[in-house]
Structure formats: C-alpha cells, structure tokens
Amino acid sequence: MESYALLIGSTLNAGTVIALAALGLLINEKAGIVNLGAEGLMLCAALAGFATTVGTGNEWLGFAAGALAGALLAAVFGVLVIWLGTNQYATGLALSLFGVGFSAFAGLNYVQAKLPELSPDGIPYLRDLPLAGPALFDHDPLVYAAMLLALALIWFLDRTRPGLVLRAVGEAPQSAHALGYPVRWIRLAAVTFGGAMCGLAGAFISLEYTPLWVEGMVAGRGWIALALTTFATWRPARVLLGAYLFGGVTMLQFHLQASGVQVASQLLSMLPYVATIVVLVLISRNPAWIRANMPASLGQPFHPGG
C-alpha cells in the first residue's frame, strides 16, 4: 500500500508540470493563438528559476523568475505574430529552437550547481498521515495551485464577461473588433499569461520535480502539453485529468521497474508518449467533436481592416 501511495504522490507531481503548461496554452488557443514554442519557454524558465534559487536561496524568487522568463519570451512571440504578422507556427518553432539552444549555452555553469536547503513541502500535520500523507498532502503548493487554476479557468471562461470576451476574440475576432474590443491586446495578454504558466511549469521541473539543472531536462513535456490541449478539446477539467493521466503513465514505468517487472526499460520509457499518441488517435476519430470545441480562428492572423 505504501508503494501505491508514493505512486499517487509522484503522479500528482509529474502531472502538475503538464497541467500548468497546458492550462496556459489553452488560454492562448482560446484567444486564437498557437504557440509551438512551449518547449523552449519551459527550458529557459527552468534555467532562470534554478539560477535564481541558487543565487538567492529563495525558492519563491526562483518560481517568480521562471514565470517572468516565460512571460517575456511569450510576449516577444506575441508581438511578432500579432503585430508584425509573422507565421505563428514558424515563429513558435523558432522560439522552441532558440530556447533549447540558449538554455544549453547559458546553463553550462549550473550543471554541477546544487540548490540550497529548502523548507519542507506539504500541509503541516496532514503530510504525516499514513498513506494519505505522502499521496495527497506532501506536495509543493504549486501542485494544489494547478488544481485551483483549472477550477478558476472553468469559472472564468464560462461564467465571466472577460472570459466571454476572450472566447469571442478566438471565435470571431472581426466581430469582437467591430464591437470595440482591442483584439490584439487581448491576444497579447493571453499569450503572455500562457508563457507565464509555461514558465512556472519549467521552474517546477528544475526546483521540485528533478531539483537540478541538466540540458534538455524538459524532455518533450512542452510538446505533450500542446497535444494535451487538443486531447482535452480545450476544456480545463479535461486538461487536468489528461495531465494526471500522462503523469501516472510516466511514473508507472518506474513503479514497474521497482517491482521487478521484466520489461525492457526502453519500452517502459516509451509508455507516456505511446499513451498520448493513442489518445490523440482516438479523439481524432470524431472530428466533429473537435470542431465543436476548437476556437474558429485558431492559428489564423487577425487584420483589423479585413
């Protein structure tokens, strides 16, 4: 039973990385913008968070630095695609490649660095409970924040006027512009928010999930987060569930190895990505379902005069 409690706890940690990034990207796409640079954003943010924490000894400053790095890079991406009219997909790929290369170069001095001793995570007293403690209550506050963020986004998108405006900008930007809404600024705000969430996810990797800095440590999670928004049909609750599904499959490989299951380690390492592909294939069998939930202007440029 103790091993299962640890599996649940590690699933929540692994899923939080994907959930934070995917929820941010969902807001991007609700506004009609596709940012393929999530992987690069997360890598730069992971380095920024790690370097700040090593330099200051303050984990919260590290998370703030990661979010700020992600937001700034996403804002640059937003200006390029929203005001200068560059292709969203090409610009996103360029941002991803930039993030991979820049983080590898700038992080050379931090490969052997160690984080300072940080305060214990979790909810006092509850984290000491048998089984339930390590499974549910012994986590960084960002784990619980990701759950609350999903609930907040459900309320924001479905119950508030700003959420309705955001969806209108994604569904019919010309109509929103005709009604006097600043479509470009709303899209930039959505892109910046998405970048900040990717930044938090990247910082969470280097500060909590695997507390060190290694080149390429995001390991494709940015691409998984992008795929998850489609898998979840742009709904926050499904994004959260999908993130924990991916996290659970990721942790299951280590659980099986520790249990002595005789399966090639390479095959077990493939499981999370195979699971993602299988789910996407199953979802794509019903294109009407995807079209019913996809923002109508997703990936399309906005021209105020047209």
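Keep in mind the model is a prediction, meaning the values are calculated, not measured.

Before going further, it helps to examine the packing of aromatic side chains. In this structure the tally under the stated criterion is four aromatic pairs. For the pair Trp 83 and Trp 185, a centre-to-centre distance of 4.9 Å together with 70 degrees between the ring planes defines the contact as edge-to-face. Highlighted residues: Trp 83 in helix H3 (residues 59-83) and Trp 185 in helix H9 (residues 183-209), separated in sequence by 102 residues. Pairing Phe 98 with Phe 102 gives two aromatic rings, centres 5.5 Å apart and planes at 15 degrees, and the pair type is stacked. Of this pair, Phe 98 and Phe 102 both sit in helix H4 (residues 88-106), separated by four residues, roughly a single helical turn. Under the relative-accessibility criterion, Phe 98 is labelled partly exposed at 42%.

Take Thr 16: it is sitting in helix H1 (residues 2-30). Look at Thr 16 and you get buried, because its relative accessible area is 0%. Only 2.7 Å separates the side chain of Thr 16 from the backbone oxygen of Leu 12, close enough to count as a polar contact.

Turning next to H4. A rise of 1.5 Å per residue sets the reference length of H4, with its 19 residues, at 27 Å; its end C-alpha atoms lie 26 Å apart and thus fit the reference within 8%. By the burial criterion, the buried members of H4 are Gln 88, Thr 91, Gly 92, Leu 95, Ser 96, Gly 99, Ser 103 and Ala 104. Along its buried surface, H4 packs onto helix H2 (38-56), H3 and helix H10 (221-231). Between the side-chain oxygen at the start of H4 and the backbone nitrogen of Tyr 89 there is a gap of 2.9 Å, and the oxygen is on Asn 87.

Before going further, it helps to examine the packing of helix H7 (residues 161-171) against H9. The interhelical angle for the contact between H7 and H9, taken along N-to-C directions, is 105 degrees, at an axis separation of 10 Å. Classified by the interaxial angle, the pair formed by H7 and H9 is roughly perpendicular. Within the contact between the two elements, H7 uses Val 165, Leu 166 and Val 169 and H9 uses Val 183, Ile 186, Arg 187 and Ala 190.

Turning next to the packing of H3 against H4. Following both chains from N to C, one finds H3 and H4 inclined at 155 degrees, their axes separated by 10 Å at the closest point. In terms of their interaxial angle, H3 and H4 are classed as roughly antiparallel. For H3 against H4, the interelement crossing comes out right-handed. Seen from H3, the contacting residues are Leu 73, Phe 77, Leu 80 and Val 81; seen from H4, they are Gln 88, Thr 91, Gly 92, Leu 95 and Phe 98. Counted by class, the contact of H3 with H4 contains six nonpolar, three polar and no charged residues.

Another point: the environment of Arg 221. Tracing the backbone through its elements, the reader meets Arg 221 in helix H10. Residue Arg 221 is classed as buried on the basis of its relative accessible area of 14%. Residues Arg 221 and Arg 184, spaced 37 residues apart in sequence, show a C-alpha to C-alpha distance of 28 Å. Filtering out sequence-adjacent residues up to four positions away, Arg 221 remains in contact with Val 17, Ile 18, Glu 39, Met 42, Ile 205 and Tyr 209.

This part is about the side chain of Thr 250. Tracing the sequence through the fold places Thr 250 in helix H11 (residues 236-258). Polar contacts involving the side chain of Thr 250 include one to the main-chain carbonyl oxygen of Phe 246, which spans 2.8 Å. Contact partners of Thr 250, with chain neighbours within four places excluded, come to Tyr 209 and Pro 272.

Together, Leu 267, Met 270, Val 274, Val 278 and Leu 282 line one region of the surface with nonpolar side chains, adding up to about 430 Å² of accessible area. One can find Leu 282 in helix H12 (residues 265-284).

With that settled, consider H10. Two residues of an α-helix separated by three or four positions point the same way, owing to the 3.6 residues in each turn. Counting buried positions along H10 yields eight of eleven residues, so the element is predominantly enclosed. Taken together, the buried positions of H10 are occupied by Arg 221, Gly 222, Ile 224, Ala 225, Leu 226, Ala 227, Leu 228 and Thr 229. Positive backbone phi, at 50 degrees, marks Thr 233, one or two positions downstream of H10.

What follows is about the environment of Ala 74. Structurally, the position occupied by Ala 74 is in helix H3. In sequence terms Ala 74 and Gly 37 are 37 residues apart; their C-alpha atoms lie 8.3 Å from each other. Apart from residues lying up to four places away in sequence, Ala 74 is in contact with Asn 35, Leu 41, Val 191, Thr 192 and Gly 195.

Calculation notes
Residues numbered from 1 in each chain as written. Predicted model: local features only at pLDDT ≥ 70, side-chain atom pairs only at ≥ 80, totals over all residues. Heavy atoms only, no water. Phe/Tyr/Trp six-rings, centres within 6.5 Å; stacked < 30°, edge-to-face > 60°. Helix = DSSP H or I, 4+ residues; strand = E, 2+ residues; numbered from the N terminus. Buried < 20%, exposed > 50% of the residue type's maximum accessible area, 1.4 Å probe, protein only. Polar contact = N/O pair within 3.5 Å; in protein donor to acceptor, adjacent residues only side chain to side chain. Expected span 1.5 Å × (residues − 1). Contact = heavy atoms within 4.5 Å. Axes fitted to C-alpha atoms, helices over the stretch in contact; angles between N-to-C directions. Parallel < 35°, antiparallel > 145°, perpendicular 65-115°, else oblique. Left-handed = near helix turned anticlockwise from the far one by under 90°. Nonpolar A, V, L, I, M, F, W, Y, C, P; charged D, E, K, R; others polar. Patch = residues over 30% accessible without salt bridge, like charges linked within 9 Å, V, L, I, M, F, W, Y side chains within 5 Å. Areas by Shrake-Rupley, 256 points an atom, 1.4 Å probe, with all protein chains shown as cover. Salt bridge = Lys/Arg side-chain N within 4 Å of Asp/Glu carboxyl O.

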